[in-house]
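Fold and contact review
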Amino acid sequence: MEYRAIKVQNKEENVSLLGFGCMRFPTLENGEIDKVQSKEMMLHALENGVNYIDTAYPYHGGKSELFVREVIQDLDRDSFFLADKLPIWDCKTKDDVDRIFHEQLDKCGVTYFDFYLIHAVNKGRIQQIKDLDLLNTLEKYRDEGKIRNIGFSFHDDLETFKKWVDLYDWDFVQIQLNYMDINHQQGMEGYDILTEKGIPVIIMEPVKGGSLVRFNPVIETQFKERDKDASIASWAFRWVGSLPNVKVILSGMSNLEQVQDNLNTFTNFKPLSEEEQSFMAHIREDILHLSKVDCTSCNYCMPCPHGVDIPGNFRIFNHHSMYKNDGYVHWRVGELTKKDAFADQCINCGECIEKCPQHIDIPTDLERFQDYLKENGLK
Ligand SMILES: NC(=O)c1ccc[n+]([C@@H]2O[C@H](COP(=O)([O-])OP(=O)(O)OC[C@H]3O[C@@H](n4cnc5c(N)ncnc54)[C@H](OP(=O)(O)O)[C@@H]3O)[C@@H](O)[C@H]2O)c1
Ligand code: SF4
Ligand code: SF4
């Protein structure tokens, strides 16, 4: 297992580069965590060198923390690092913070968190944490030995990211980063800012929530011709693990094969060579070329008088063409249909066409999208 050094409350510790994300355990038919399988997966990872566990209050409908407790209760507390996150959206008062934080310690059956994050922050949360005097409260918990490192996890744009970074002297920050998201949310620029400031980085969504593990055959063939034994997922992990300031890469593994595959990648971890870096840059371009509509989601065409979510439909079209993620597309199409915003609501009135700066023939492409879904058995 590859380990990386990180300061945890001023003490140099070695965290495993592969972290166990506790958001995507396998589930039973009734939606509950499949505890037998999930425990086997976690113990297998821990026995093979993983020492970083990442859970959160809302994962698995509030049951992830309780399940993590079942797995870690027999382990030596010094043998792993536990990360948990404050659901800031549930905190209206200081009392809410105190109640939820202590409930989390109880649910996990621990007396302290090694890494504690303000969960999924964005623009709107800056004023909220000031109003709650949250950073002082977290420092108090740290002084009391209930938290070792303080950080945040982020989902918003670069400008907002800069503001969050400047708010406090963070011990670490968790960002979404993978080879397709270098310009998405805070992107690579966000990583560079953290690195310049000496703030260690934890990565989430390294395979874009499962999108970077299966592709159109054009892309899959390139990966397999390059190395027939390497899993496609391993390329994404190696890409992000090649960044030196990345200390932990969280993977939300959902079966034992994925755990084993990722252990293979992170045991004797090989950063990408220069040549492999340019291979990945080409792959990225090829994936982007698979996009079906040059829609930039600018929204100039909106609102459609007949309720169609034009950019929303095109995003799904492009997403499936690039990533072949059937489950995601099924769900998104269902959501649009429920809101009467799916492409089939278009009556071809043509009102949107001249508003589009990309000169997209919107009604024609909405029809193309519907034909594509039918051809792929998705509608
Ligand atoms: N703080 C936040 O705001 C936040 C947000 C998101 C995530 N997180 C944390 O970060 C962790 C990682 O994020 P994530 O789970 O979204 O990211 P991810 O690792 O990019 O995606 C997880 C999915 O990738 C697929 N996968 C992983 N390894 C694979 C392999 N070797 N072969 C094939 N497929 C593989 C699985 O997809 P299938 O299930 O489709 O097979 C799995 O469910 C989460 O579990 C969570 O702990 C935090
Ligand atoms: S052409 Fe279709 S998508 Fe465009 S405004 Fe008319 S109904 Fe809406
Ligand atoms: S105006 Fe054109 S580019 Fe902008 S969201 Fe609409 S379709 Fe996409």
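Our structure is the block above this text.
Because the structure is predicted, anything quoted here is derived from the model rather than measured.

Here is what the cut-offs are and how they apply
- Residues numbered from 1 in each chain as written.
- Chains lettered and ligands numbered in written order.
- Predicted model: local features only at pLDDT ≥ 70, side-chain atom pairs only at ≥ 80, totals over all residues.
- Heavy atoms only, no water.
- Near = heavy atom within 4 Å.
- Nonpolar A, V, L, I, M, F, W, Y, C, P; charged D, E, K, R; others polar.
- Helix = DSSP H or I, 4+ residues; strand = E, 2+ residues; numbered from the N terminus.
- Buried < 20%, exposed > 50% of the residue type's maximum accessible area, 1.4 Å probe, protein only.
- Core = buried A, V, L, I, M, F, W, Y, C linked by side-chain atoms within 4.5 Å.
- Contact = heavy atoms within 4.5 Å.
- Pairing = 2+ DSSP bridges.
- Right-handed = clockwise from strand over helix to strand, strands pointing away.
- Expected span 1.5 Å × (residues − 1).
- Arc of directions from axis to C-beta.
- Polar contact = N/O pair within 3.5 Å; in protein donor to acceptor, adjacent residues only side chain to side chain.
- Areas by Shrake-Rupley, 256 points an atom, 1.4 Å probe, with all protein chains shown as cover.
- Phe/Tyr/Trp six-rings, centres within 6.5 Å; stacked < 30°, edge-to-face > 60°.
- Lys NZ or Arg CZ within 6 Å of the ring centre and 35° of its normal.
- Salt bridge = Lys/Arg side-chain N within 4 Å of Asp/Glu carboxyl O.

In the neighbourhood of ligand 2, the contacting residues comprise C304, P305, H306, I310, C346, I347, N348, C349, G350, C352, P363 and L366. Residue composition of the shell around ligand 2, grouped by class: 9 nonpolar, 3 polar and no charged.

The residue after M302, namely P303, is reached through a cis peptide bond having omega 0 degrees. With respect to the helices, strands and loops of the structure, P303 is situated in the loop between α11 (274-289) and α12 (310-323). One non-glycine residue, N10, lies in positive phi territory at about 65 degrees. Secondary-structure assignment places N10 in the loop between β1 (3-8) and β2 (11-16). We classify N10 as exposed; its relative accessible area is 71%. Its identity as a non-glycine residue notwithstanding, E205 has a phi of 50 degrees, on the positive side.

This part is about the nonpolar core. A general trend in soluble globular proteins is that nonpolar side chains are found buried together. With 90 residues, the main nonpolar core has F20, I118, F152, W170, Y179 and F223 as its most contacted residues. With 7 residues, helix α9 (residues 232-241) is the single largest residue contributor to this core. With near-sequence residues (within four places) excluded, Y179 lies in contact with L212, F215, F223, A236, W239, M280, I283, R284 and I287. Within the second largest apolar cluster, 23 residues are counted, among which are V333, F342, C352 and L366.

As a further point, take the pairing of strand β10 (residues 246-251). Counting buried positions over the 6 residues of β10 gives 6, a clear majority of the element. Taken together, the 3 bridges between strand β3 (residues 18-21) and β10 define a ladder with parallel strand orientation. The residue bridging L18 from the neighbouring strand is I249, located in β10. Note that strand β9 (residues 201-204) and β10 share 3 bridges and pair parallel. Across the sheet, the residue bridging to V201 is V246, located in β10.

Turning to the pairing of strand β5 (residues 81-86), a few remarks are in order. Most of β5 is tucked away: 6 of the 6 residues are buried. Judged by which residues are buried, β5 turns out to be covered on both faces: F81, A83 and K85 on one side and L82, D84 and L86 on the other are all buried. In terms of strand pairing, strand β4 (residues 52-54) meets β5 through 3 bridges, oriented parallel. Counterpart to I53 in the pairing with β5 is L82. Of the crossover connections in this fold, the one passing from β4 over helix α2 (residues 64-72) to the parallel β5 is right-handed. Where β5 lies against strand β6 (residues 113-121), 4 bridges are found, and the strand directions are parallel. Along β6, the bridge assignment pairs L86 with I118. Taken together, β5, helix α3 (residues 94-108) and β6 form a β-α-β motif whose crossover is right-handed.

Moving on to helix α1 (residues 35-47). In this model α1 runs 18 Å from its N-terminal to its C-terminal C-alpha over 13 residues, within 8% of the 18 Å that 1.5 Å per residue would give. When we look at burial in α1, the residues that qualify are S38, M41, M42, A45 and L46. Buried residues in α1, looked at end-on, bunch into an arc of 125 degrees, giving them a common side. Facing away from the buried side of α1 by more than 90 degrees, the exposed set consists of V36 and E47. The inward-facing, buried residues of α1 abut β3, β4, α2 and α10 (256-266).

With that settled, consider the site of ligand 1. In the region of ligand 1, 29 residues are neighbours, and R24, D54, S254, Q258 and N262 sit closest. Take E205: an N or O atom from its main chain is 3.3 Å from an oxygen atom of ligand 1. Q258 is positioned such that a nitrogen or oxygen atom in its side chain is 2.8 Å from an oxygen atom of ligand 1. Here ligand 1 loses 88% of its free accessible area of 890 Å² to cover by the protein chains. Elements that contribute at least two residues to the shell around ligand 1 include exactly β6, β10 and α10.

Glancing now at the packing of aromatic side chains. Summed over the entire model, instances satisfying the criterion amount to 27 aromatic pairs. Seen in terms of ring centroids, Y168 and W170 are 5.1 Å apart; in terms of plane orientation they differ by 75 degrees. Their pairing is edge-to-face. W170 matches Y168 in its accessibility class, with the two residues each being buried. Site record: aromatic cluster; members linked through ring pairs are F152, F154, F161, W164, Y168 and W170. Sitting over the ring of W331, R332 keeps its end group 5.8 Å from the ring centre.

Attention shifts here to the pattern of salt bridges. The final tally for this structure, using the stated rule, is 26 salt bridges. A salt bridge links K63 to E32; its shortest N-O distance comes to 3.0 Å. Linking K63 in the loop between β4 and α2 with E32 in the loop between β3 and α1, this pair joins segments that are 31 residues apart in sequence. For K63, a relative accessible area of 37% puts it in the partly exposed group. According to the relative accessible area criterion, E32 is partly exposed, its value standing at 34%. Here R142 makes a salt bridge to E139, at a shortest N to O gap of 4.0 Å. Taken together, the positions of R142 and E139, both in helix α5 (residues 134-143) and 3 residues apart, correspond to about one turn of that helix. Look at the salt bridges and you will find they share partners, linking K11, E13, R77, D114 and R148 into a network.

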